[in-house]
Amino acid sequence: MPSPALRIFVVYLLAAGALLLGGCGETWNDPYPRGDRGKNYLYEFFNSRPKHLDPAQSYVEDEAWFVSSTYESLYEYHYLKRPYTLIPNLAQAMPTVSYLDAQGKVLPPDAAPERIAQSVYEIRLRPGVRYQPHPAFAKDEQGHYRYFDLDDAKLGGREQIGDFEFTGTRELTSEDLAYQIKRFVRPRLESPALSIFTQIVGLEALGKQLEADAATGKIDPDGWIDLRKYTLAGVETPDPLTLRIRLKGKYPQFIYWLATTFVVPMPWEAERFYAQPGMARRELTLDMWPVGTGPFMLTRNRPLRELLLERNPNFREQTYPCEGEPGDAAASLLKDCGKRLPFVDGVRFSYERESIPFWNKFLQGYYDFYSSSRFAGMATFDAALQLQGGALSLTEGMQAKGITLATETEPSFQYFFVNMLDPVLGDGGATPEAQERARKLRRAIGIALDVEEYLNIVRNGLGVGQQGPIPPGLPGFRSGEAGVNPYLYTWNHNRPQRRSIEEAKRLLVEAGYPGGRDAKTGAPLIIYFDGYDAFDRNRLALITKQLKRIDIQIVPRLTEWNRFQEKHRKGVAQFSFWGWNADYPDPENFLFLFYGPNSKMKSGGENVFNYANPEFDALFERFRRMDIAADRQPVIDQMVDITRRDAPVVAGWHDQAFQLSHAWLGNVKLGKMVRTQRKYLSIDPRQRHLARVAWNQPTLWPLVLAGLSLVALALFTWRRYRRHETEKALPGGGT
């Protein structure tokens, strides 16, 4: 048996060897499972838990990436073309549209809108489209569904969708799309799409019928409701590949809503499967586990940890586009022309709570791109980008790592606005003179709120000052001098120049507030800023400073989000901040924000200003019935000029976004409306692996030093032991 000293010596040598050999691996700080190495995965992050992955309920940006990857809409936007161009997706072609009068007779295509009682959209679906493998479709040898008689006990320990042993699939039919549209009015399911889709003939009536059946106990709102048994007058399915939708009146923008993930196929088997006892308790629901025909399927969902999308083996044949914009070929965006999609095997989303750890992992190569629109924190801006002459460029450090930059002015609108019901900032009273004074007050505020200064300080210059509600790149937007808001800007040296503070003060005098005081009472003009508690104090200090330049005082009234929304629903806010991201790339999606019947206080609509102008409303009603291909510019110009003149929005901007991408990520083109981006992206796994190894070399000298120290200690121990063993005993028993 080895002596204790010998055992200690061996332990020291093994420890030293482990330290030294440990430094010979590839990377020590790889945050992903070893099984991921060499896989063709795209690595992304998420920083808030997706609440709804059910396409009838999902309506926020953080959920769109998952919903658009797992479900397919009837139409989608061309990945490369700008302006955004609709193309068929699940549909074989663009819909045929016909019009009916009140007696049901077919009208000519150019019929006057007031004669049109119904619009009929007929859509042919692609044949052979199949759903992802899912246990809801699994059948036994006798053709019975395997998992339709489950209860809490039979579910056992299953918590992930992959815990079910069997899966199945079937072909998509038009009935699945009809089923999804019926779900908009399903009891206990609150769909944000309802306000738009109530234009479908009979949808409101179906909703009332379902509510009545729930009230009388005919159906269980918390259980399985077989919507196939209910008729929806405005949706017909004459055969498995034909979908026919009838709308009230004429609404040409409806085509854009057919490109959203609200109108996707939903198999009845999915609702039947998830409605079983014990499913919701285990978070086995449509909100957690989609069932679609898209290029990917969700195979792992661990909230606040990770989500994994993997290639749907049943995804239909779809290829990368072969045409785009000028310059796309030079940017290598057409090199994959005609190749089958998707290019990656999966997308791993990891939870990141803070921006700095995420940024460090991006620089180490553990995330494939960094998107400004996905992380609010801009603390790393100066390390990556520089703003020169109004344009973004990469720093030398980023260029050295092969990182590329893509930018986009997004179809969005962020704005400071007034509540037009407010007696001071709003319509100003019943007389035209009082209303004009209020307009001048709003214009003075708009000049003083220097958006360009605000963007430079708060957003590193990432934004374009708005000249009207329509963002650049959308139909109806006017660039250059023709597009300038004359109430806030002049055109100077080929660019807009904000009007002077002196002019703002003059407007303030004309509004009845010389020196920021009421000309009649001498009381100071105090404006209450109604914001939510997440509104940054630095931003608040800046707008306070800007308005102080014209002697207006701001008193903040910050509340939590629910109370903030309640103020606007009740119409009691005064001056506030809001934002709007496009649902579809048409000016109607921004101009409707000013439409009187959409008042937030009166109807719960998105007109948060509670703005009402009969002239604007009449133009808008005319505009929304015009064909998209018609010459709408004159009507758009009139509406834009009215909003500038009346100024319910006093100042605002359109967001600019950027994306930093590693060299191994291909086919990168920004487009906020294109939420199916992941199926077009490509990865070079070998290049990524080599970069990760090169960028994450461990610092070994401390380990070498520690190893040598252990060896020296082992030798010292061994020598002491040998010396002790060979010494002879002294007389008298001493040593």
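Let us look at the structure shown here. Quick caveat, the model's predicted, so the values are computed rather than measured.

What to know about the overall build of the chain
Looking only at helices and strands, one finds 22 helices and 25 strands in the chain. If one aligns the C-alpha atoms of the chain with their principal axes, the spans along those axes are about 125 × 80 × 55 Å. For the chain, buried positions account for 51% of its 735 residues. Restricting to contacts in the chain with at least 6 residues of sequence separation, those with at least 24 account for 72%. Summed over its atoms, the accessible surface of the chain is roughly 33,100 Å², and 52% of this surface lies on carbon and sulfur atoms.

Structural notes on empty space enclosed by the protein
Scanning the model with the defined rule gives six cavities of 30 Å³ or more in all. Computed from the structure, the largest cavity encloses a volume of approximately 220 Å³. Lining the largest cavity are 17 residues, and of these W65, S371, S373, Q659 and L670 sit closest to its centre. Those elements that place two or more of their residues in the lining of the largest cavity are α2 (61-70), β12 (369-371) and β23 (649-661). Element by element, the count of residues in the lining of the largest cavity is highest for β23, at three residues.

Considerations on the layout of surface pockets
Space left empty within the atom packing is revealed by a probe, the size of a water molecule, rolled over the atoms. Looking at the second largest pocket, its volume works out to about 670 Å³. In this structure, the second largest pocket is lined by 27 residues; those nearest its centre are E452, G463, V464, G465 and P496. Looking at the lining of the second largest pocket, the elements with two or more residues in it are α13 (451-458), β17 (463-465), β18 (489-492), β19 (495-498) and β23. Top element by residues in the lining of the second largest pocket is β19. It accounts for four residues. When the residues that make up the lining of the second largest pocket are grouped by side-chain class, the tally is nine nonpolar, 14 polar and four charged.

What counts and how
Residues numbered from 1 in each chain as written. Predicted model: local features only at pLDDT ≥ 70, side-chain atom pairs only at ≥ 80, totals over all residues. Heavy atoms only, no water. Helix = DSSP H or I, 4+ residues; strand = E, 2+ residues; numbered from the N terminus. Buried < 20%, exposed > 50% of the residue type's maximum accessible area, 1.4 Å probe, protein only. Contact = heavy atoms within 4.5 Å. Areas by Shrake-Rupley, 256 points an atom, 1.4 Å probe, with all protein chains shown as cover. 1 Å grid on protein atoms, 1.4 Å probe; cavity = no way out; pocket = protein on both sides within 12 Å on 5 of 7 lines; lining within 4 Å. Points joined across faces, edges and corners; volume = space filled by probe spheres on them. Nonpolar A, V, L, I, M, F, W, Y, C, P; charged D, E, K, R; others polar.

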